[in-house]
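# A closer look at the structure
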Amino acid sequence: MAKILVAYYSKTGNTQKMAEAVGEGVKKAGGEAEVLSVENTGDPSSLVNYDGIILGSPTYYGILAAPLKDFLDKSIKVHGQLEEKVGGAFDSCGIEGGGSESTVLSILQGLLVHGMVVPGFSMTGHYGPVATGKPDERALSECRKLGEKVNYLADKIS
Ligand SMILES: Cc1cc2nc3c(=O)[nH]c(=O)nc-3n(C[C@H](O)[C@H](O)[C@H](O)COP(=O)(O)O)c2cc1C
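Residues numbered from 1 in each chain as written. Predicted model: local features only at pLDDT ≥ 70, side-chain atom pairs only at ≥ 80, totals over all residues. Heavy atoms only, no water.

### Structural notes on the pairing of strand β3 (residues 52–60)
Along any regular strand the residues' side chains alternate between the sheet's two faces. Our working definition: Relative accessibility decides the category of a residue: with a 1.4 Å probe and only protein chains considered, values under 20% of the type maximum give buried, values over 50% give exposed, and everything between is partly exposed. By definition, any uninterrupted DSSP run of H or I lasting at least four residues is a helix, any uninterrupted run of E lasting at least two residues is a strand, and each is numbered from the N terminus. We call two strands paired when DSSP finds no fewer than two bridges between them.
For β3, the tally of buried residues reaches eight of nine residues, placing the bulk of the element in the interior. Bridge analysis of strand β1 (residues 3–8) against β3 gives five bridges, and the strand direction is parallel. Bridge assignment links I4 to a residue of β3, and that residue is G52. Examined bridge by bridge, β3 and strand β5 (residues 86–93) share seven bridges and lie parallel to one another. When the sheet's bridge partners are listed, I53 is paired in β5 with G87. The sheet contact formed by β3 and strand β4 (residues 63–64) spans two bridges and is antiparallel. Residue T59 lies in a different strand from β4, and its bridge partner there is L64. Taking the residues that link successive antiparallel strands as the turn, the β3-β4 hairpin has two residues, and the phi of Y61 there is positive, at about 50 degrees.

Here it is as structure tokens:
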């Protein structure tokens, strides 16, 4: 059974709702999900214990919010030890065209620098689920699918 971390930053709850849906998807696919706010993720060395790592952030000025960037920067402690773990990203922004895709890609860049494997999506949000403000059912469904897909791939690779 794959063990997947879903870590998020959320000030007003939108990204948190998405994180919970991602966790539901992991569990639906038979995996173990830990859904944690970045403030509660503890020492970065614990990242090596997961088969998959999915990160979510609100868009802040077109990219990921500082607390999630800080989480990524601290993950240098395990640089080189996350190779071939499976990753993913999701985002909530304030307005359509407000930078959701650039935010998701800014998170995925960090995961790729770790040597992680990240899936794309051919029929839905191509880089990962995005919501405008409070996630609607379309966004929550894409979040569940992200959790399912990362769990599926992590099961195959690990
Ligand atoms: C400092 C700050 C910067 C923001 N920058 C953007 C932005 O560039 N584009 C955008 O669409 N929304 C922006 N927003 C709005 C948030 O992305 C949006 O409200 C989001 O849904 C908040 O997610 P949360 O409820 O998980 O905190 C910004 C909000 C804050 C507080």
